[in-house]
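Report on the structure
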Amino acid sequence: MAPPAYLETYNEKLTPLEDSQQADQNPVVTTSKLAYKAINIVQINEEGVKDAARHIRQSLLAESYTPRTWRTHTLHICPSDPYDATDVHNKKVLDWIFLISALNFSFWSEKEGTPQRYGVEWRCGLNSEERTVHTGYWSLVAALDRALEENIPIIDPAFYASKTTCPDALIEHIFRQAAQSTETIPLLHERIKIMREVGFILTTSFGGSFQNFLTEFQRRHHGDGTALDLAKMVIEIFPSFRDEFEYEGKKVCIWKRAQILVAETWAAFYPASPTEVHPIFPGKRGPMISKLTMFADYRVPQILHHLRILSYPPSLITKLESGVYLPSGSKEELSLRAASIVAVERVRKEILGIMQAESNATVADDSVSSVLIDFYLWDLAKKLEIGVERIEGIETADMAPIHRTRSIWY
């Protein structure tokens, strides 16, 4: 199946910082490394990397934190288990994951920490009768879950692609804020534009579902496509996932939402036993999930700094504490994102070294992924934010504010 016709007019104007054409090499890693060194603002603290790697390794073990932990989040719609390829519910789950990933950006609020910030009132969980106000990323998930409960087929690409069946006013209603909120969801019109774009592409070129997109993906890769292969296809087909910037005339790939779409799909459908074939990546190579990076947003850099993995210059700390806006693609913003990617790769390698020392044997590279480390760090940051967890046993830095960048990329 050929890409949509309008994509043929897309011309790559930027030159990658490093040759990343090898099928198993992630340009996010290679270009971020060079951007990190070239910009030279945010730094990686090797002592912090080693301390945090030990702490994260212990925490992952103590909490039995695995890809299956994805299923424990009470607002997640989970696929059938064991996997059944004929179950239409799994198509629904895939379309749900796709739309959430398409809209997974920019939830920070000027009213952070107050009831007035944007929130969505709905059930505490899919099977709960209690209600609460969900904020941040969870406001997006709650809004879509609530719409489905109200019999609005919001996750159907053909539905949300159409201004006739799904007018802007209906989308505004779906994302309506809680009574206590005095602000609406950030970047609503940009979200609507993205819904129209991705819905149109899925409907006109891939039979109207993410499941069909995945079928075409595996056809292109003769049944042996990996997680990185899938991320690259998402970037190729959907312009609104193409999270790339120019620095000194060179392309820097970040790919936050493209990679998180793949990672959420991987985690949601992760089999009960790691020895079982992954149903989305059934080929000989499997998912090769360790080829993906962390997802460079505004929350994980904050926890990386708190864990002393990243160090900020005083000038940046001052800007963060003053709430100075950092434009998307600016030197400081790009430094924060590139450094975070490189730092988590360093943590992953350090954890692999710890595991190898523990077992006194060679450990497979896929034994630890930056994806799982990111999932854990994001969950940890949210727990610290609401005061239900503390970090003990290692030195930490004062919690700096998140950086304020308003964009569709994260």
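Residues numbered from 1 in each chain as written. Predicted model: local features only at pLDDT ≥ 70, side-chain atom pairs only at ≥ 80, totals over all residues. Heavy atoms only, no water.

**Details of the pattern of salt bridges**
Basically, it comes down to this: Salt bridge, as used here, is a side-chain nitrogen of Lys or Arg placed within 4 Å of a carboxyl oxygen of Asp or Glu. A run of H or I in DSSP counts as a helix once it spans at least four residues, and a run of E counts as a strand once it spans at least two, with each numbered from the N terminus. Relative accessible area decides the class of each residue, using a 1.4 Å probe on protein chains only: under 20% of the type maximum gives buried, over 50% gives exposed, and in between gives partly exposed.
This structure, assessed with the given rule, holds 31 salt bridges. Of the charged contacts in the structure, one is a salt bridge between Glu110 and Arg404, with a shortest N-O distance of 2.4 Å. Taken as a pair, Glu110 in the loop between α3 (88-102) and β3 (119-123) and Arg404 in the segment after α14 (370-386) lie far apart in primary sequence, 294 residues in all. Given the relative accessible area of 23%, Arg404 is considered partly exposed. Put simply, Asp365 and Lys349 hold a salt bridge, and the shortest N to O gap is 3.5 Å. Taken together, the positions of Asp365 in the loop between α13 (331-359) and α14 and Lys349 in helix α13 put the pair 16 residues apart, joining distant regions of the chain. Residue classification places Asp365 among the partly exposed residues on the basis of a relative accessible area of 30%. When salt bridges that share partners are traced, they join Glu47, Asp51, Arg54, Arg308 and Glu395 into one network.

**With respect to the state of the cysteines**
Where we set the bar: The criterion for a disulfide is a pair of cysteine sulfur atoms lying within 2.5 Å.
Tallied over the entire structure, the rule returns zero disulfides. With no disulfide of its own, Cys78 has Cys124 as its nearest cysteine by sulfur position, at a separation of 17 Å. By relative accessible area, Cys78 is classed as partly exposed at 22%.

**Points about the packing of helix α2 (residues 46-62) against α14**
Here is the rule we go by: Axis lines are fitted to C-alpha atoms, over the contacting stretch for helices. Their N-to-C directions set the angle, which ranges from 0 to 180 degrees. For classification purposes, an angle smaller than 35 degrees is called roughly parallel, one larger than 145 roughly antiparallel, one from 65 to 115 roughly perpendicular, and anything else oblique. Only heavy atoms enter the contact rule, under which two residues are in contact if any of them lie within 4.5 Å. Side-chain classes follow a simple rule in which Ala, Val, Leu, Ile, Met, Phe, Trp, Tyr, Cys and Pro form the nonpolar group, Asp, Glu, Lys and Arg form the charged group, and the remainder, Gly included, forms the polar group.
Two elements in contact, α2 and α14, have axes whose closest approach is 11 Å; the angle formed by their N-to-C orientations is 85°. On the basis of the axis angle, α2 is roughly perpendicular to α14. Where α2 abuts α14, its residues His55, Ile56, Ser59 and Leu60 lie against Ile373, Tyr376 and Leu377. Of the residues that constitute the contact of α2 with α14, the class distribution is five nonpolar, two polar and no charged.

**Here's the deal with the nonpolar core**
To be explicit about the condition: As used in this record, nonpolar core signifies buried Ala, Val, Leu, Ile, Met, Phe, Trp, Tyr and Cys residues forming a set joined through side-chain atoms within 4.5 Å.
The biggest cluster of nonpolar side chains holds 136 residues, and the ones touching the most others in it are Ile154, Phe175, Phe213, Phe238 and Phe241. With 13 residues, α13 is the largest single contributor of residues to this core. Not counting the four nearest positions on each side in its chain, Phe241 is found in contact with Phe98, Ser101, Ala102, Val198, Val234, Ile235, Arg257, Ala258, Leu261 and Trp409.

**Looking at the packing of α2 against α13**
Condition: Definitions for this section: a left-handed crossing has its near helix turned counterclockwise from the far helix by less than a right angle. A right-handed crossing has that turn clockwise.
Between α2 and α13, the least distance of the axes is 9 Å, while the angle of their chain directions is 60°. Considering their axes alone, α2 and α13 lie oblique with respect to each other. Taken as a pair, α2 and α13 cross one another with a handedness that is right-handed. Touching Glu46, Val49, Lys50, Ala53, Arg54, Ile56 and Arg57 of α2 are Arg346, Val347, Glu350, Ile351, Ile354, Met355 and Glu358, all from α13. Per-class residue counts for the contact of α2 with α13 are seven nonpolar, no polar and seven charged.

**Section: the confidence of the model for the protein chain**
Quick note on the threshold: pLDDT measures how confident the predictor is about each residue, on a scale from 0 to 100.
With 94% of its residues at a pLDDT of 70 or more, the protein chain has an overall mean of 93. Note on residues 1-21: pLDDT is under 50 here. Beyond four places in sequence and across chains, it has 46 contacts.

**Let's talk about helix α1 (residues 27-39)**
To keep it simple, the criterion reads: An expected span of 1.5 Å times one less than the residue number is assigned to each helix. Polar contact criterion, stated in full: a pair of N or O atoms within 3.5 Å, where within protein one must be able to donate a hydrogen and the other to accept it, and residues adjacent in sequence count only if both atoms are side-chain atoms.
Spanning 13 residues, α1 covers 18 Å between terminal C-alpha atoms, matching the ideal 18 Å at 1.5 Å per step. Within α1, the full set of buried residues consists of Pro27, Val28, Val29, Thr30, Thr31, Ser32, Ala35, Tyr36 and Ile39. Its side-chain oxygen at 2.9 Å from the backbone nitrogen of Val28, Asn26 defines the N-terminal cap of α1. Two residues or fewer past α1, Asn40 is found with a positive phi of approximately 60°.

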